[in-house]
Every structure is written in structure tokens, then in C-alpha cells.
Amino acid sequence: MEILFYAAGANPDAWLTSIQQAIPDASIRVWQEGDHAPADVALVWKPPAAMLRGRTELKAIFNLGAGVDAILQLGEALPAGVPVVRLDDAGMGIQMAEFVAHAVLRYFRRLDAYAVQHQAQQWRFLKPFDKQTFSVGVLGMGVLGSRIAAALQHFDFPVLGWSRTQKNIPGMTCFSGADGLNTFLSQTRVLVCILPLTTETENILNHATLSALPRGAYVINVARGAHLVEADLLTLIQQEHIAGATLDVFREEPLPVTHPFWQEPRINITPHISALTLRDDSARQIAAKIKALQAGQPITGLVDPQRGY
Ligand code: OXD
């Protein structure tokens, strides 16, 4: 088994150790410019087009993350007929659930406002929000979105879900398609975006959709920066239609120091850390999928390039 590896911005040594442990008989090499030697599978994160162009010999391309937008944007450079496989959860679901639950609870329990009072040495009681009207709307009900929704249901928040196709999840009001989006938004007090980035979902958080949220709503984006029209969010926060936002992803990362988001105290910024790819868990999952493919068995996480995820 010859594995070709490339992960933009990652330490290859740590990855190679995890992969070698999970697949002891594999020979693994880190792809370098000009390497056209054959391989059986590729393990990649944000690969350059030159790495994959023409590699029709590959049995599969495994994405070392949940979002496959960076691979699919390679377009015609992706070898035709080679399956692209994303990580399913691999320890990311629980991290997303922790991150989003923390952000929702921080708003619901008014800890953002209490932190401001702390700075001013103010001891003042703030009227609590009513949980029944503090509904959380999860935009994107795949593996990660469902994990987030389940965590919030444990805290008894009313949880709504929106997805491209209709889902039926016990205890949750589910909406789908363009028709369901406005109703979903109008009933959502905290909007959580965990959608895949596709041509259909790019810029989905814009002036029109964010204005459809009730006044005083909050926005949490843990998906991709390109889902959000950043200037529209800023305007709606300044007009106090949106009360605050927790953003882990940005159109440009690292977020430039001159970006106006840094100056807006109602925006909470983290550097794309809501769910880190866990090397050992991911390598074990990929090893199991390689074994299944070799045995001609079906695997989960297959990407549909037409759908975009
Ligand atoms: C991912 C990410 O898609 O880390 O896994 O953004």
C-alpha cells in the first residue's frame, strides 16, 4: 500500500507517525512538487492541483477534515472517477458540540454582558432570558450539525434544524429547502451555521437572511468564512438587529489585523479551532475505510461532487 500524503500548514511528521501506526504495512511519502510516481491512495488537506492532476490510478482520496470545499474547488484537476472521502466525525462532533454549546450558553446566561460589567466593576443583576423563546436554529444537519443539535437539546433549548433535504429528528422541528429557510430563520434566536461550503451555500448569511432573524438574535459560524457576507453582519450588529456573533471562520484566515471585526466587541473571534482534526482518530478511521475498500465493502463519507459535499 503506497500512500501519498499532503496537508497544508500541518506538521507532516506527527501525521506520518499516526498513519503508520494505523496502517503498519503502508509505505507513506509526503508529496513534493514534481512527484508523479504512482500511489494507491492519497491523504490530503488543501492539496495543490499539481498533486492530484491525472492520478487516475488512485483508489481513493481521503480528506483530512470534514469540509471538502478545498478539494472540490480543484475542479478538472481532480482525477475523474476517483472517490473523494471526507472524515465522518472522527472526534470533531463532540468538539463542535462543546464549542457551540459554550457560545449558546454564554449568550443565554448573559455571560457576555456580565463580562462587560466585570470590566467596569459593576455588580448588577440582569434579567434572565426565557429559555422557551431562546430557540437555537442549526443550519446544516449533517453528522456535525446533528451532534450540535443533540447537545443543545440536553440543555432543553428548543432546537430547530434546516437542511437541503427534509429530515425527521425526534424532538426537533426540521425545515428544508429554500421555502423552509425563511420560516426557520424567523423562529431562530441563535443561528448556528455548520453547512458545507458549496455554490448554493456561499454567502447564505447575508443581509436578507440575517434580517429574517428576530431582533436581538445571535449568530454562530463554525462552518466556512465564505458563508457569511461580513459587511452585512457588521451593519446589522451596528443597527442592533443582531445582538452578537461568535465567529470561528473567516473569508481570510488569519483574520487581518485591520479587519473591522477586531474592533467590534459584540463579535467573538477564535482562530478556526472549533473542531480540530484529531490525528490518531482520523488515521484509524481512514485505515478502516481502506480495509473496507480493499475488501469491496461499502464505506461512509463518500463525497458527491455534484452536490458539493
Ligand atoms: C474541517 C475544518 O473542515 O477543520 O475539518 O475546517
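Residues numbered from 1 in each chain as written. Predicted model: local features only at pLDDT ≥ 70, side-chain atom pairs only at ≥ 80, totals over all residues. Heavy atoms only, no water.

Strands sit in the order S8-S7-S6-S9-S10-S11-S12 across an open sheet of seven strands; the sheet is parallel. The sheet is open, and its two edges are formed by strand S8 (173-176) and strand S12 (267-269), each paired on a single side. Adjacent strand axes in the sheet meet at a mean angle of 15°, parallel and antiparallel pairs treated alike. In this sheet, strand S9 (residues 190-193) lies alongside strand S6 (residues 136-139) in parallel orientation, the contact comprising four bridges. Across the sheet, residue Val 138 finds its bridge partner in S9, namely Val 192. Strand contacts of helix H6 (residues 143-154): S6, strand S7 (159-163) and S9, with the helix running at about 170° to S6, the strand carrying the most contacts. (Pairing = 2+ DSSP bridges. Helix = DSSP H or I, 4+ residues; strand = E, 2+ residues; numbered from the N terminus. Axes fitted to C-alpha atoms, helices over the stretch in contact; angles between N-to-C directions. Contact = heavy atoms within 4.5 Å.)

Our focus in this paragraph is unusual backbone geometry. In this model, Glu 253 is joined to Pro 254 through a cis peptide bond whose omega is -5°. Here Pro 254 lies in the loop between strand S11 (242-247) and S12. The phi dihedral of Arg 110 is positive, around 65°, even though this residue is not glycine. Looking at the secondary structure, you find Arg 110 in the loop between helix H4 (92-108) and helix H5 (111-119). Given the relative accessible area of 22%, Arg 110 is considered partly exposed. One non-glycine residue with positive phi stands out, namely His 272, at about 55°. With respect to the element layout, His 272 can be found in the loop between S12 and helix H10 (279-294). (Buried < 20%, exposed > 50% of the residue type's maximum accessible area, 1.4 Å probe, protein only.)

On to the packing of H4 against H6. Look at H4 against H6: their axes get within 8 Å of each other, and the N-to-C directions meet at 45°. One finds that H4 runs oblique with respect to H6. Our pair here, H4 against H6, has a crossing hand that is right-handed. Judged by residue contacts, Met 92, Gly 93, Ile 94, Met 96, Ala 97, Val 100, Ala 101 and Val 104 of H4 engage Leu 144, Arg 147, Ile 148, Ala 151 and Leu 152 from H6. Among the residues forming the contact of H4 with H6, the class breakdown is 11 nonpolar, one polar and one charged. (Parallel < 35°, antiparallel > 145°, perpendicular 65-115°, else oblique. Left-handed = near helix turned anticlockwise from the far one by under 90°. Nonpolar A, V, L, I, M, F, W, Y, C, P; charged D, E, K, R; others polar.)

Surveying the vicinity of the ligand reveals the residues Trp 45, Gly 65, Ala 66, Gly 67, Met 92, Arg 224, His 272 and Ala 275. A distance of 2.8 Å is found between an oxygen atom of the ligand and a side-chain nitrogen or oxygen belonging to Arg 224. The side chain of His 272 places a nitrogen or oxygen atom 2.7 Å from an oxygen atom of the ligand. Isolated, the ligand exposes 210 Å² of accessible area, and the fraction of that covered by the protein chains is 87%. Among the residues making up the shell around the ligand, the classes are represented as four nonpolar, three polar and one charged. (Near = heavy atom within 4 Å. Polar contact = N/O pair within 3.5 Å; in protein donor to acceptor, adjacent residues only side chain to side chain. Areas by Shrake-Rupley, 256 points an atom, 1.4 Å probe, with all protein chains shown as cover.)

The subject of this paragraph is the pairing of strand S3 (residues 41-45). Of all five residues in S3, four are buried, a share of seventy percent or more. The pairing of S3 with strand S4 (residues 60-63) spans four bridges and is parallel. Along S4, the bridge assignment pairs Val 41 with Ala 60.

All buried positions along helix H7 (residues 177-186) are accounted for by Gly 180, Leu 181, Phe 184 and Leu 185. One face of H7 carries all of its buried residues, which in axial projection span an arc of 135°. Against the buried residues of H7 lie S6, S7, S8, S9 and helix H8 (207-211). (Arc of directions from axis to C-beta.)

A common measure of how large an interface is: the accessible area buried when the components associate. Domain boundaries in the protein chain define domain 1 (2-90 + 277-294) and domain 2 (92-269). The gap between the C-alpha centroids of domain 1 and domain 2 is 32 Å. In this complex, domain 1 contributes 10 residues to the contact, which on the side of domain 2 involves eight residues. Taking both partners together, domain 1 and domain 2 bury about 720 Å²; carbon and sulfur atoms supply 53% of that area. Considering only the side of domain 1, the residues that lose the most area to domain 2 are Ala 66, Asp 69 and Asp 89, jointly responsible for 64% of the buried surface there. At the boundary of domain 1 with domain 2, the tally comes to one salt bridge. (Domains from an automatic or database assignment. Buried area = accessible area lost by both parts, 1.4 Å probe. Salt bridge = Lys/Arg side-chain N within 4 Å of Asp/Glu carboxyl O.)

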